[in-house]
Amino acid sequence: MNDVEDLRSDQPPLSFENVPESSGELQKRIQIEEIISNSINQNISLEVLKKLAISSFGLVNDKLRRILWPCLAGVDASSLERVPTLNAFQNHHEYNQVVLDVNRSLKRFPPGIPYEQRIALQDQLTVLILRVIKKYPNLRYYQGYHDVAVTFLLVAGEEVAYAIMDKLSTTHFSECMQETMEATQKRLMFIWPVVKFENADLYEFLQASSVGTLFSLPWYLTWFGHSLNSYKTVVRLYDYFLASPIYTPIFLTAAILLHRSKEILKEDCDMAAVHCLLSRLPDDLPFEDLIKASTKLYAKYSLTLLENEVEILMHQERENRLMEEKMLLERRKKITRPVIKPRNFEIKRWLPNLLTSKSVVLTTAVSIVVGVCAYYYKNQYLAAGIS
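Note that the coordinates shown come from a computational prediction; the quantities given were computed from them, not determined experimentally.

Outline helix α1 (residues 23–38), supporting the account with residue identities and numerical values.
With 16 residues, α1 extends 23 Å between its outermost C-alpha atoms, agreeing within 8% with the 22 Å of an ideal straight helix rising 1.5 Å per residue. All buried positions along α1 are accounted for by Glu25, Lys28, Ile32 and Ile36. Across the axial projection of α1, the buried residues extend over an arc of 75°, all falling on one side. When the buried face of α1 is taken as reference, the exposed residues oriented beyond 90 degrees from it are Ser23, Gln27, Ser37 and Asn38. On its buried face, α1 is in contact with α2 (46–54), α3 (62–73) and α12 (231–242).

Structure follows, in structure tokens:
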């Protein structure tokens, strides 16, 4: 399992609020239902599906998502593999970790469901995850993967959910499932050029705070499923991400930062304070507007441009780090370097070492002997008439 930030500690409970359908949602639902009824075997153009999923209100409800999500993911719902039992995976090296995370994900299940149903869902989720990582030994399970899988499980059922996760694990999430998080961490840095080009003051502030990109890691790893407390918002974003290019979550993250710029710039320019502010998403974010902003940003900035900017930023960071290390080394040399003084003053350097208790006694004794000898020889000289 990859070494990532603990995604369990601050996970909000998922609210499965039953909100009445708005007039806009009603119109969108009728539009989608008509398209489905007029299609042959629910065979709808992928381009039409994408437009429906990205435009306002997305696919509206889970009944329609159950039909259209497999199409968006490129999954043939009529040809699905048989689901193995949980016992078939008990010897897998990731079994204990997956079970542990699934058992801690109770906040992501609908409240009030019967105990037997909840246990069944947990077992289904565990099997779903282990099937994928057993099929692809080169992919590594990461903490947060279960947040994505449970969303598809709740909407589409275990067979379709597995087929979707099978696809996404080799495309959208493959970078996150590498041996280390190095590629993911670099990908998150794509946020900065977008912010820099759109709002230079915000970019400079965030860089000066040294906040980094850790705040956005759970957003990227879980398609925001870990960090939001509204089930309706989570599945709406899944509509958007399923219908969009792989790195769209990066642009939605940038759109959120730009939307909150005034709030962020009022904060103290301190890493802890800014990280705390950014890592908790407000409940009232206008996600329909943010989706539109994200889509525009993706169209505006090519991945090649952003990658070049990230390389420049990483080079600057390396240069700064080398400069800091050089300055630190120079300071250490100044502290440890011996002070070289003229040879005439060497006696002063050694004098303190001579003035121990034993050396003082010895020096005193020698002085007395020298004094006695001098007195004796002086008297002898005087007696002999030598002045």
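Go over the nonpolar core with me, naming the residues and quoting the values.
Counting 104 residues, the largest nonpolar core has Trp69, Phe152, Trp192, Leu206, Phe224 and Leu257 as the members making the most contacts within it. Here Leu206 is in contact with Trp192, Val211, Leu257, Ile264, Val274 and Leu278, once residues within four sequence places are set aside.

Describe the packing of aromatic side chains, naming the residues involved and giving the relevant values.
Overall, the coordinates contain 16 aromatic pairs when judged by the stated rule. Here Phe197 and Tyr301 contribute two aromatic rings whose centre-to-centre distance is 5.5 Å and whose plane-to-plane angle is 25°, an arrangement assigned as stacked. Of the two residues, Phe197 sits in helix α9 (residues 191–198) while Tyr301 sits in the loop between α16 (287–300) and α17 (303–336), which places them 104 residues apart along the sequence. For Phe197, a relative accessible area of 36% corresponds to the partly exposed category. What links up through ring pairs into an aromatic cluster is the set Trp69, Phe152, Phe173, Phe215, Trp219, Trp223, Phe224, Tyr238, Tyr240 and Phe241. The ring centre of Phe190 lies 4.7 Å from the NZ or CZ of Arg187, which sits over that ring.

Provide a residue-level description of the packing of α12 against α16, including the pertinent values.
The contact between α12 and α16 brings their axes to 11 Å, and the two run at 20°. As summarised for this structure, α12 and α16 are arranged roughly parallel, according to the angle between their axes. α16 is crossed by α12, and the crossing has right-handed handedness. Contacts from Thr233, Arg236, Leu237 and Tyr240 in α12 reach Phe287, Glu288, Ile291, Ser294 and Thr295 in α16.

Cut-off values and rules
Residues numbered from 1 in each chain as written. Predicted model: local features only at pLDDT ≥ 70, side-chain atom pairs only at ≥ 80, totals over all residues. Heavy atoms only, no water. Helix = DSSP H or I, 4+ residues; strand = E, 2+ residues; numbered from the N terminus. Expected span 1.5 Å × (residues − 1). Buried < 20%, exposed > 50% of the residue type's maximum accessible area, 1.4 Å probe, protein only. Arc of directions from axis to C-beta. Contact = heavy atoms within 4.5 Å. Core = buried A, V, L, I, M, F, W, Y, C linked by side-chain atoms within 4.5 Å. Phe/Tyr/Trp six-rings, centres within 6.5 Å; stacked < 30°, edge-to-face > 60°. Lys NZ or Arg CZ within 6 Å of the ring centre and 35° of its normal. Axes fitted to C-alpha atoms, helices over the stretch in contact; angles between N-to-C directions. Parallel < 35°, antiparallel > 145°, perpendicular 65-115°, else oblique. Left-handed = near helix turned anticlockwise from the far one by under 90°.

Bear in mind that shape data such as this cannot, by itself, settle questions of function.
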